[in-house]
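Here's the letter readout for the chains.
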Amino acid sequence: MTTIPVNPELTSPLPLGRKGPSYLDISFTVKSWLLTLDHKRIAILYLLSMTALFIVGGAFATMMRLELTTPQGDFVKAEAYNKLFTMHGVTMVFFFLIPSVPATLGNFLVPLMIGARDLAFPRINLASWYLFIIGAAFTLAAMFAGGVDTGWTFYTPYSSVYSNSQVALAVVGIFITGFSSVLTGLNFIVTVHKMRAPGMTWFRLPLFIWSNYAAALIMVLGTPVISITMVLVAVERLFGVGIFDPANGGDPVLFQHMFWFYSHPAVYIMVLPAFGVISELMAAFSRKPVFGYKVVAFASLAIALLSFVVWGHHLFTTGQSVYAALVFSVLSFLVGIPTAIKVFNWTFTMYKGSVSLETPMLFALGFLGIFTLGGLTGLFLAAVGLDIHLHDTYFVVAHFHYVMVGGVVLAFMGGLHYWWPKITGRMYNEFWGKMSAILIFFGFNLTFFPQFILGYLGMPRRYYAYASEFQVLNILSSAGASILASGYLLPGIYLAYSFVKGPKAGDNPWGAKGLEWQTSSPPPVENFKKMPIVTEDCYNYPLVDPHDLQPEDRLIDSTTKDDDKLKEQVKDKLS
Amino acid sequence: MTEITANPAAHTAHEEEHESHVHTFFDKDQYPAMHFEDAGQQKESAALGMWAFLATEVLLFAGLFVVYAIYRNAYHEGFMLASHELDVKLGTINTFILLFSSLCVVFAVHSARTNNSKGIVFWLIATMVFGMAFFIVKGFEWNHDYHIGLVPWMKWDPAFLANVKMGDEVHDLNFQARMFMILYFVMTGTHAVHMIVGMIILAVLAYKAKKGAYNSKRYTSLENGGLYWHFVDIVWVFLVPTLYLIDLYNRTGGGH
C-alpha cells in the first residue's frame, strides 16, 4: 500500500487548460455571483446554501438526541419533539440529501467531465437555484411560524385535516423545490445527450456521469407525481375538501401510494449520484479502471428502472392485498442485485490495485462499509414477515440513515475532498481531512448501530419518551451523534482555511484520469481553452507505482489494455 | 457584447469594470449561444429539453388521472350523477376553440419557416384570442356550477342528490358526487393554470416576433412555445371524455 504524494509544485499547465482568470477570479461583485450563468458558480451557490440547511437540519437532530438521552420527556414535550423530527426530516431529505450530490458536485462536474463549456441551459440552471432558495424559504418560514408535526411523510388525513401546524407552508416549499429538481434533471439529461465532446462516446462517459444521468431520469419522471400530491394535500387543507380524507370518502392509503411512488425513487435520486462519486474515487485511488465498467453503468439504469416499482414495500402494514405485498417484496429484493453488483465491482476495483488512503478514499471506504450494512438491512425490511415486526421501529430509522446518510453524506464528503483542489485550486490539510473521515465513520456507526438493536427489541420510532431498559443503547447513540457532529464540523473549519490560505494544489494533484483534471484548477469560465477530443476510455490508468508518476506520464497514449506494455511506455518516458 | 455608446471612453470604462470576459461568454444575444458548438446543437438541445419537460407535465397530470380513476372505480354511481350536471355543449365548444388555437400556433410556426414575420405575430395573437375565448366559456361554466351548488367548498346543495333511489334502497351519494366535483375543479383548475402559463409564453413570443426575433433559420423557441400550447390542448382533449362524457347516453338533466 503506497501513498501518492500531493505535490504542491505541480502547476504546469495541461494542454486543455487556460492561462487567465479562473471562474473564481473573474469578478468579485455580489451581483456577478447572484446573476451568474456559470454552472461552476451555481454549484458553489448550491454548496453554500445546502451547507447552511444541513446545519439547520443537524441542529434539530442534536436536540432530538439530547431529548433521547433520558427515558422521560424532560428536555422537550411530545408536541415539540414531533416538530423536531419532522423539521429534521423535511430539511435533510428535501433540502440536503436529494439535491446535495447532483446540484453541487453534479453541477460543477457534469460539463467538465464530458468536455462541454456549460450545461445546456445555463439560465434554467440559475432559475433552479432560485427555486431551491424560494422553496427553502417557505419551509424555513413554516419552522419559524411554529413548525410542522406530521413527520416528513405528511401522511393524510393527519397532515391535511387534523394537524394544527404549518403543513401548507411546508408542502408549498416542497412543491417549489420539486421544480428545482426537475429543472436540474432536465438540464443533465439534455447536456449528457447533446453536449459531449467529440470522441466522448456513451461508453467512455465517467461513471459519475452515468449515475447522475440515471438519477436525472428519476428526478424527471418521479418529481411531478409528488408535486401534484403535495398540491392535493394543500387543496385539502386550504379548502377543507377531502381527496385523501376518509371522513369525506377519500382514501388515505392512496396518498401513501402516491407519496411513495416518488419518495422511494427519491432514495435512489440521493444514492445514485453518490454511487457515481464512489466509482470515481475507487478508480482514482486504486489506479485501476473500474471493474466491469459497463455492468456498473447499466446497473445505474437498472436501479433507476426498479426504483419505480418497489414503492409498495412501504405499505406492507396498510392493508394492501397480500398478493400486492408479495409482488412488492420480490421486486424490492431485486434492487439488491444491481446494488450488490456495484459494491462487488468497487471491491474488485481495489483488488491488486495500488490503493492509497488519501482522505477521499477513506470516505469512500467508509461508504462501502456503511452502505453495505444499510443495503443488507434493507433486505430484512423487504421481507413482508420481518417488516411487520420491524415496521416503524428504530430498525427502520437505523436502516434509512445507513443508506441515505451513510451513503450520501460520506460520498458527498469524499467527492468534495477529491474535487476540492479542482473547485478552489487549493489543497486542504490532509491530517485533519483523515481525522474527519475517521470521526464521521466511528461517530456514525456508534450513533446508528445501537438503533438497529433498539428497533429489533421493539422501540418505536418518533417517540419522545421510552421504556427505561432502552436507555443504555440510546445514550450510546447520543454519544455517537456528538462524535459525528464534530466530524462534520471539522471540514467546515479546515476547508474554509484551505480556501483562503491552503497551498496551491496544481491542476491534477491526484494524477487522476478524466477531462476535468485536464483543465486548469480552478477552471476558466469556458472550462476548456479548446474543445477536447477524447481518444481513450475513461479510467485508463496505467498500472505503475504511483511514486514514479510524473505529470507528463498521464499524456501517454494508453489505448492498449496490456499493463506490461504500459509499464514499459512509462519506463521509457522516465528514462 | 457590443454596446453602442455615444461616449467611447464610457464604453471602455464599462468594459474594464466588468472584465469583458463574463460578458462575452454568456452574451445574451449571441446565436448560437457560446457554450454550443453550432446552431444545430442548440436547436436539438432545446427540442430535447422541451420534450423531456413535457414528459414531466404529462406525469403531473397522470397523478390526477390516477386519483380520478381510482375514485371513479370506487364511486361509480356518484360520479355518473355529478357528471350529468356538467354542460357537455360548453365542453365541446371549448374543445373546438382549443383545437383551432392549436392550428393557429402551427400557422405561426409555418410563418416563421417562410420568413413571414407579420404572419407570426398575426397567428400568435389569433391563438391568444382563442385562448381568451376558452377562459370566457370556462368562466360561464364555473359560474353556472356555482349557482346550482356544485362547488364543494363554497356552495354545495345540488338538487339531484335528494334521496337517490337505487333499486329498493335510498342511498346517500353525496360524498361520491362531492369527490367528483372536487376532482373536476382540481383537474380543470390545474389545466387552467397551465393555460395561463401558455398565454404568458405566447405573449412573450408575440412580443419577440414583433421585434423580428424569428425567421426561417431561427425559430426554436417559437416551436417550443407552440409545443407547450399543443400540450395544453391535448390535456383538455383527455379531460373532456374523462369528466363530461362519462355515461353520456343516460343523461337526464345537464346542459341547461
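Thresholds applied
Residues numbered from 1 in each chain as written. Chains lettered and ligands numbered in written order. Predicted model: local features only at pLDDT ≥ 70, side-chain atom pairs only at ≥ 80, totals over all residues. Heavy atoms only, no water. UniProt positions renumbered as here; feature names shortened; annotations may be inferred. Helix = DSSP H or I, 4+ residues; strand = E, 2+ residues; numbered from the N terminus. Rg over C-alpha atoms; globule rule 2.2 N^0.38 Å. Buried < 20%, exposed > 50% of the residue type's maximum accessible area, 1.4 Å probe, protein only. Contact = heavy atoms within 4.5 Å. Areas by Shrake-Rupley, 256 points an atom, 1.4 Å probe, with all protein chains shown as cover. Lys, Arg positive; Asp, Glu negative; His and termini not counted. Charge placed at Lys NZ, Arg CZ, Asp CG, Glu CD. Patch = residues over 30% accessible without salt bridge, like charges linked within 9 Å, V, L, I, M, F, W, Y side chains within 5 Å. Salt bridge = Lys/Arg side-chain N within 4 Å of Asp/Glu carboxyl O. Axes fitted to C-alpha atoms, helices over the stretch in contact; angles between N-to-C directions. Parallel < 35°, antiparallel > 145°, perpendicular 65-115°, else oblique. Left-handed = near helix turned anticlockwise from the far one by under 90°.

- If you look chain B up in an unreviewed UniProt entry, it shows as Cytochrome c oxidase subunit 3 family protein from Humisphaera borealis.
- Check the Sequence similarities (unreviewed entry) section of the UniProt entry for chain B; it says "Belongs to the cytochrome c oxidase subunit 3 family."

- Within an unreviewed UniProt entry, the label attached to chain A reads Cytochrome c oxidase subunit 1, and the organism entered is Humisphaera borealis.
- Its UniProt record gives chain A the following Catalytic activity (unreviewed entry) comment, quoted word for word: "4 Fe(II)-[cytochrome c] + O2 + 8 H(+)(in) = 4 Fe(III)-[cytochrome c] + 2 H2O + 4 H(+)(out)".
- Here chain A is described in UniProt, under the heading Pathway (unreviewed entry), as follows: "Energy metabolism; oxidative phosphorylation."

## Details of the overall build of chain A
Consideration 1: Tallying secondary structure elements over chain A gives 16 helices and zero strands in all.
Consideration 2: A compact globule built from 575 residues should have a C-alpha radius of gyration of about 25 Å, and chain A, at 24 Å, falls within 12% of that.
Consideration 3: On the principal axes, the C-alpha backbone points of chain A span a range of 80 × 45 × 45 Å.
Consideration 4: Burial statistics for chain A: of 575 residues in total, 62% are counted as buried.
Consideration 5: A fraction of 82% describes how many contacts in chain A between residues 6 or more apart in sequence connect residues 24 or more apart.
Consideration 6: Accessible area for chain A stands at about 20600 Å²; split by element, carbon and sulfur atoms hold 69% of it.
Consideration 7: Side-chain charges in chain A split into 35 positive and 32 negative, and the spacing between the mean points of these groups amounts to 7 Å.

## Thoughts on a nonpolar patch on the surface
All names here are of chain B.
Consideration 1: A surface patch of nonpolar side chains, amounting to about 810 Å² of accessible area, comprises Phe96, Leu99, Phe100, Leu103, Val106, Phe107, Ile234, Val237 and Phe238.
Consideration 2: Going through the elements one at a time, α5 (88-113) and α8 (220-243) are the ones with two or more residues in the nonpolar patch.
Consideration 3: The greatest single-element share of the nonpolar patch, amounting to six residues, is contributed by α5.
Consideration 4: Mapped onto the elements, Val106 comes out in helix α5.
Consideration 5: Under the relative-accessibility criterion, Val106 is labelled partly exposed at 41%.

## Quick look at the packing of helix α3 (residues 78-114) of chain A against helix α8 (residues 252-286) of chain A
A pair of packed helices is captured by two measures, namely the crossing angle of their axes and the spacing between those axes.
Residues and elements named next belong to chain A.
Consideration 1: Running from N to C, α3 and α8 point in directions that differ by 40°, and their axes come no closer than 10 Å. Considered as vectors, α3 and α8 are oriented oblique to each other. The handedness of the crossing between α3 and α8 comes out as left-handed. Facing α3, whose interface residues are Val93, Phe94, Leu97, Ile98, Val101, Pro102, Leu105 and Met113, α8 presents Tyr262, Ala266, Ile269, Met270, Pro273, Ala274, Val277 and Glu280.

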